[in-house]
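# Survey of secondary and tertiary structure
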Amino acid sequence: MEPPAASSGEPSLGPLPSLPGTPLTRHNLASLRSLVINPSTPISLIASVFEALSRHLEHGRDPLLLPHALKLLSELASHRPGLPRAVFDCVRSRLFSSESARAAAESLDALALVAERDESLSSSLGGQFDSFFVSLCFDRSVSVRRWLLRNAERFGVGPHVLITVFLGFTKDPYPCVREAALDGLVNLSKSSVFEDRGLVEGCYNRAVELLGDVEDCVRCAAVRTVSDWGHILVASMQGTEKREQSDAIFIQLCSMVRDMSMEVRVEAFVALGKTQTVSLKNLLQSLSKKVLGSMKEKRSVCQLTGPIELSASSVAGALVHGFEDEYYEVRRSVCDSMRRLCMISSEFSGEAINLLMDMLNDDSVIVRLKALETMRHMATCDHLSLEVMHMHMFLGTLVDKNELVRAAVRKVLRFVKLRDLELFKLSVNGLIENLETYPQDEVDIFSVLFHVGQRHGNFVACFIHEVFHEMEPSSDGKLSFDCARVAALLVLSISAPIFAEQNIGEIPPRVFSYAVTLLGRISHAVGDVTSQNALFAYFSQGSSCMEDNISEYGEQILANMGKDGAASLASNEINDLDQFPLGEASFEHTKTYARKFWQPTEEPKLTAEQLQIHDDLTESLNGIFTKVKAIWHLVKAGFTNEVLKILRVCEEELETLETKCMGSPALAFTLQYIRALKLLASVWSYFHPTFGQCCRVVGQLDILLVKLERTLRDMKCRFTGLSKEDELYLMELTSVSLTLNLSILMTGCSYIVNLKRLAAVLSQVECLQQELGVEPSSFLSELKKSMPDIHSAAGSMFSLPHFLGKMLDAFSLKQFELSRTLLSLFAEITVPDNDSENPIHFIHGLPVGIRLEITLRNISRENRLWLEMTMGKESKQFIFLDLKLFGGSNELRKVTYFATYYKTPKAVSFSLRVCIGVACLPDDIHAGMNNGGPKRELTYLSPEREVYFSAESQKLT
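Residues numbered from 1 in each chain as written. Predicted model: local features only at pLDDT ≥ 70, side-chain atom pairs only at ≥ 80, totals over all residues. Heavy atoms only, no water.

### A few points about the overall build of the protein
Applied cut-off: Helix numbering and strand numbering both begin at the N terminus, where a helix is a DSSP run of H or I of at least 4 residues and a strand a DSSP run of E of at least 2. Contact between two residues is taken to exist if any of their heavy atoms lie within 4.5 Å; hydrogens are not considered.
Within the protein one finds 40 helices and 13 strands. In the protein, the share of contacts with a sequence separation of at least 24, taken over all contacts with a separation of at least 6, comes to 73%.

This is the structure in structure tokens:
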């Protein structure tokens, strides 16, 4: 059999070679697949494969091999551009002669796969298989019927045929088929247009009937169908009829929010969130369990099956029941639903805010976040009206332990419009309390204060006059700008004049002089709006525009502003001030300048020195550190796969930066940190109470823990320049790894060794804490308390689950802030004039010398370096490298070194792998590795080099 001629532009296969009529087996098919996916397979061999598969479709009788053959044909069409048409015709010729519905369905699947990859074939599908598809749908096999209904749209069957089939099978005796038919109607409503109103009503009313089905999965599908087809039906109506039908759909969906199935309740709220139009009285009734006076009468809505009576009791308190549901999935979905409903009516939003406030105390972080997201949407469409009674609960969330929740509250404050000065004061004081409790949130808090000030300029002026005395110097002339409250008030102060209509003089000019001391911190927070140069120019202008001279305090501050980096501004970068001479600037000039100041396109160019100060790489890396810190709660919640996906995205982002910043130690350190977190997250999943050890393989846990320890060890030993705080944090991560390891070792020597290592690390941690004068973290405190119990567990037959769970709950990630002085220890080895073709000659039993060219970077004499030479898998020899023999400085040392290898084998040839490692810090306690070798674990600084040897033939015995 030969394939049809290729279409224009496609390569032709030519005549096919004849193949022996050997029947295909599963093994043969596997072998053929390797040929198909290999791009180097000759076209003549591909043609032979195609002929063999075609013959098998025509004459093969083994139904078990048919799916494999069809899959292979679809792959053949995918990998070979000249074959789609030939494969399509071959499978189609087999389709109508299929002996079973299952075989025919498998052939249809293969046809669809081929057509999806070729537009010409896809367009030719339309109408070809309508009658054949319908006949297959009536097969006795339930699985075949269900599969056909779920994939119907792939076969080019006309929409009117499909809608008839779907409607018919909504009465199938099997619930999975009824569900598939309803889902088919939903998909059809999104992809086709139906102008026949009677047809639309038929689909809608059939879905309404199935809202009472006994099976949960069918009711879920019926809710989706009522929602989608109901909206199509409403769109075809006008006037009163349209309003009544919208209400009818809303009532039908509300009747499902009390369903016994949690999945149905979730679907009902999702569908309610898609509501586009509904009467206000129905919306308000959904917020009240008590039936309102306007809703007490019953109404009838005509449907194809006759009038259906709808009662207000179906709507009464529907959203309230959702918020009170025991499952967080339902509470989350009702928050999503309310977010969309609030856009319909501001009056509804005003009533709904009470329910949303209650959700801010929900046990689930996800529900709290969803409630806040709803409030943010209400604020953006100006439907969020906060009262004093709401503010205390709302602002209390600013000190939530979860940083994502705190950030979500601040997002709401960015957009909300505060009605009076009292609400404004409460909001500002809440943000200041947030800053005092969580100083790590400073950047976002400053940014929010800035936006709040822009939106409420009149309130800012009044508030600052009340608290200005707090920003003034003390009696001894000292400034207290390091205080969180004063810093926040300064940010708020300088935001107000930008959009306020009143004179800039309502803000005391000295505020702008004081704000210069926080120039770096403020510019970092509002970097999305303006640059540091423009901000400094604005401060200078604001401090002098209403006075002939800069204030005495301002002069002193400006003279010493180098602390925040302002002194590094080049004189030619603030020439914009020349157009506003000191003491002569008018309010109009200032307002004009302020408008210019806030246009990003107007910002001045930065000098090379400033570009260095604002190192893009450092900012990007610190941004990634912030991202990964924020996802730790997901690890604790058991969302390991989602966390790993996020970390992989961070890795990809770092790899993109790596192409621009080759050899950056900070970038290499960050990559190592991300890999350590991936390993830690994977290990953590083994100890999660829901997804714990019962779902995992302990052997894999051992491997993960070894990799985690090695990665942490490399981070500590390979990089210098880390702060003491960062070193302390790395030791804490090591303590976590060792603690997790204890839980699987249980007994024996390994347990004792690991326990000693843990005790050594804790000793180092305690010394560092005393040196820094800091308190131990919650995890380290719990671990220290539990150490006596852990010691007493040595030799017993349990894995300390109680202590482990308590300690793991106390652990949380911390924020890294990389400095730009980070250095990476590096070594390189080359073996001159040596490769497999030019080996070093040796005599068995006698030592052999190896000439090595060694380069070292950023290595000081405090580092203990070892040369490791490995033959095979385990035979190792170590040589200590005395840095006194190396010339140069710590930055760069080079030397030609002759190493001696003593264990030459009795062989014609052999090879060695050589590399350089540095002995780890004293807190990594390990037994000695080899006699004469390092006593501690090594972190390898150089790639392995292969050294080749060849025996002197005359000396071999």
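### What about the sheet that holds strand β5 (residues 826–830)?
Sheet strands associate in pairs through backbone hydrogen bonding, adopting either a parallel or an antiparallel arrangement. Rule in force here: At least two DSSP bridges between two strands are needed for those strands to be called paired. Comment: axis = line fitted to C-alpha atoms, over the contacting stretch for helices; angle = value between 0 and 180 degrees taken between N-to-C directions.
One open sheet accounts for 3 strands, arranged β5-β7-β10; its pairing is antiparallel. In the strand order of this sheet, the two ends are held by β5 and β10 (892–901), each with one partner. Strand-to-strand twist across the sheet, computed as the mean angle between neighbouring axes with direction ignored, equals 25 degrees. Pairing geometry for strand β7 (residues 848–857) and β10, over 10 bridges, is antiparallel.

### Comments concerning the nonpolar core
Short version of the rule: To qualify as a nonpolar core, a set must consist of buried Ala, Val, Leu, Ile, Met, Phe, Trp, Tyr and Cys residues joined through side-chain atoms within 4.5 Å. Only protein chains enter the accessibility calculation, which uses a 1.4 Å probe; a residue is then buried when its area is under 20% of its type maximum, exposed when over 50%, and partly exposed in between.
Among the nonpolar cores identified, the biggest contains 172 residues, and Met338, Met375, Phe394 and Phe539 are the most heavily contacted of them. Leaving out residues up to four positions away in the same chain, Met338 has contacts with Leu287, Leu319, Phe323, Phe348, Ala352, Leu355, Leu356 and Thr374. Among the nonpolar cores identified, the runner-up in size contains 65 residues, and Ala676, Trp684, Leu704 and Ile790 belong to it.

### Re the confidence of the model for the protein
What counts is decided by this rule: On a range of 0 to 100, pLDDT expresses the predictor's confidence in each residue.
Here the protein averages 76 in pLDDT, while 76% of its residues score no lower than 70. This stretch, residues 300–309, has a pLDDT under 50; its non-local contacts, to residues over four places away or in other chains, come to 26 contacts. Across residues 923–930 the pLDDT falls below 50, and counting only partners more than four positions away or on other chains, this stretch makes 25 contacts in the model.

### Let's talk about the pattern of salt bridges
Operational definition: A pair is scored as a salt bridge if a Lys or Arg side-chain nitrogen falls within 4 Å of a carboxyl oxygen belonging to Asp or Glu.
Counted under the stated rule, the structure contains 39 salt bridges. Arg851 serves as the salt-bridge partner of Glu853, at 3.2 Å between the closest nitrogen and oxygen. Arg851 sits in the partly exposed class, given a relative accessible area of 39%. Among the ionic contacts, a cluster of salt bridges with common partners joins Arg150, Glu179, Asp183, Arg224 and Glu267.

### Looking at the packing of aromatic side chains
Counted only if it meets this: Pairing of aromatic rings covers Phe, Tyr and the six-membered ring of Trp, with a centre-to-centre limit of 6.5 Å; geometry is then stacked below 30 degrees between planes, edge-to-face above 60, and tilted otherwise. Any Lys NZ or Arg CZ found within 6 Å of a ring centre and within 35 degrees of that ring's normal is scored as a charge over the ring.
All told, the structure shown has 15 aromatic pairs when counted by the stated rule. Relative to Phe155, the ring of Phe133 lies with its centre 6.2 Å away and its plane at 50 degrees, an arrangement referred to as tilted. Remark: Phe155 occurs in the loop between α8 (142–150) and α9 (159–169) and Phe133 occurs in helix α7 (residues 130–137); sequence separation between them is 22 residues. An identical accessibility class is assigned to Phe133 and Phe155; each is buried. Each member of the aromatic cluster is reached from another via a ring pair, and the members are Phe842, Tyr901, Phe910 and Phe949. The ring of Tyr438 carries Arg406 above its face, with NZ or CZ at 3.6 Å from the centroid.

### Digging into the pairing of strand β9 (residues 875–881)
In this structure, strand β8 (residues 865–871) lies alongside β9, joined through 7 bridges in antiparallel fashion. Residue pairing for β9: Met871 is matched across the bridge by Ser875. Connecting the antiparallel pair β8 and β9 is a turn made up of 3 residues, with Gly872 showing a positive phi of about 70 degrees.

### Section: the environment of Arg224
As for its position among the elements, Arg224 is in helix α12 (residues 216–235). By relative accessible area, Arg224 is classed as partly exposed at 22%. Separated by 43 residues in the primary sequence, Arg224 and Glu267 place their C-alpha atoms 7.0 Å from one another. Not counting residues up to four positions away in its chain, the partners in contact with Arg224 are Glu179, Asp183, Val186 and Glu267.

### Observations regarding the packing of helix α5 (residues 101–116) against α8
This is how it is decided: Our angle categories are set so that under 35 degrees counts as roughly parallel, over 145 as roughly antiparallel, 65 to 115 as roughly perpendicular, and the remainder as oblique. By convention, the crossing between two helices is left-handed when the near helix turns anticlockwise from the far helix through less than a right angle, and right-handed when the turn is clockwise. Under the grouping applied here, Gly and all other residues not named as nonpolar or charged are polar, the nonpolar ones being Ala, Val, Leu, Ile, Met, Phe, Trp, Tyr, Cys and Pro and the charged ones Asp, Glu, Lys and Arg.
The N-to-C vectors of α5 and α8 enclose an angle of 25 degrees; their axes lie 10 Å apart at closest approach. As judged from the angle between their axes, α5 and α8 are roughly parallel. Crossing geometry of α5 relative to α8 is assigned as left-handed. Here Ala101, Arg102, Ala105, Leu108 and Asp109 of α5 lie close against α8, whose contacting residues are Ser143, Val144, Trp147 and Leu148. Tallied by class, residues from the contact of α5 with α8 come to 6 nonpolar, 1 polar and 2 charged.

### A look at the pairing of β8
With 6 of 7 residues buried, β8 lies mostly within the body of the structure. As defined by bridge partners, β8 adjoins strand β11 (residues 909–919) across 6 bridges and the pair is classed as antiparallel. Note that in β11 the partner of Leu865 across the bridge is Val918.

### Details of the state of the cysteines
Defined as follows: In plain terms, two cysteine sulfur atoms within 2.5 Å form what is called a disulfide here.
One pass over the full model with this rule turns up 0 disulfides. Here Cys381 stays unpaired: no disulfide links it, and the sulfur of Cys342, its closest cysteine neighbor, is 7.5 Å away.

### Considering the side chain of Ser824
Residue placement: Ser824 occurs in strand β4 (residues 823–824). Residues within four places of Ser824 in sequence aside, it is in contact with Pro665, Arg718, Phe719, Arg857 and Asn858.

### Here's the deal with unusual backbone geometry
Even without glycine at this site, Asp833 takes up a positive phi of about 55 degrees. Structurally, Asp833 is set in the loop between β5 and β6 (840–842). Take Asp833: its relative accessible area is 66%, and that puts it in the exposed class. Even without a glycine there, the phi angle at Asn858 is positive, about 60 degrees. Structurally, Asn858 is set in the loop between β7 and β8.

### Notes on the environment of Ile840
Here Ile840 is to be found in strand β6. Classification of Ile840 by relative accessible area gives buried; the value is 18%. Spatially, the C-alpha atoms of Ile840 and Tyr948 are 6.2 Å apart, while their sequence positions differ by 108 residues. Beyond its immediate stretch of four places on either side in the chain, Ile840 contacts Asn834, Val848, Gly849, Ile850, Val947, Tyr948, Phe949 and Ser950.

### Considering α9
This is how the line gets drawn: Here the arc refers to the set of directions running from the helix axis out to each C-beta atom.
Among the residues of α9, Leu162, Ile163, Val165, Phe166 and Phe169 are the ones counted as buried. All buried residues of α9 fall inside an arc of 165 degrees around its axis, so they share one side. Residues of α9 that are exposed and point more than 90 degrees away from the buried face comprise His160 and Thr164. Contacts from the buried residues of α9 go to α7, α8, α10 (175–191), α11 (197–209) and α12.

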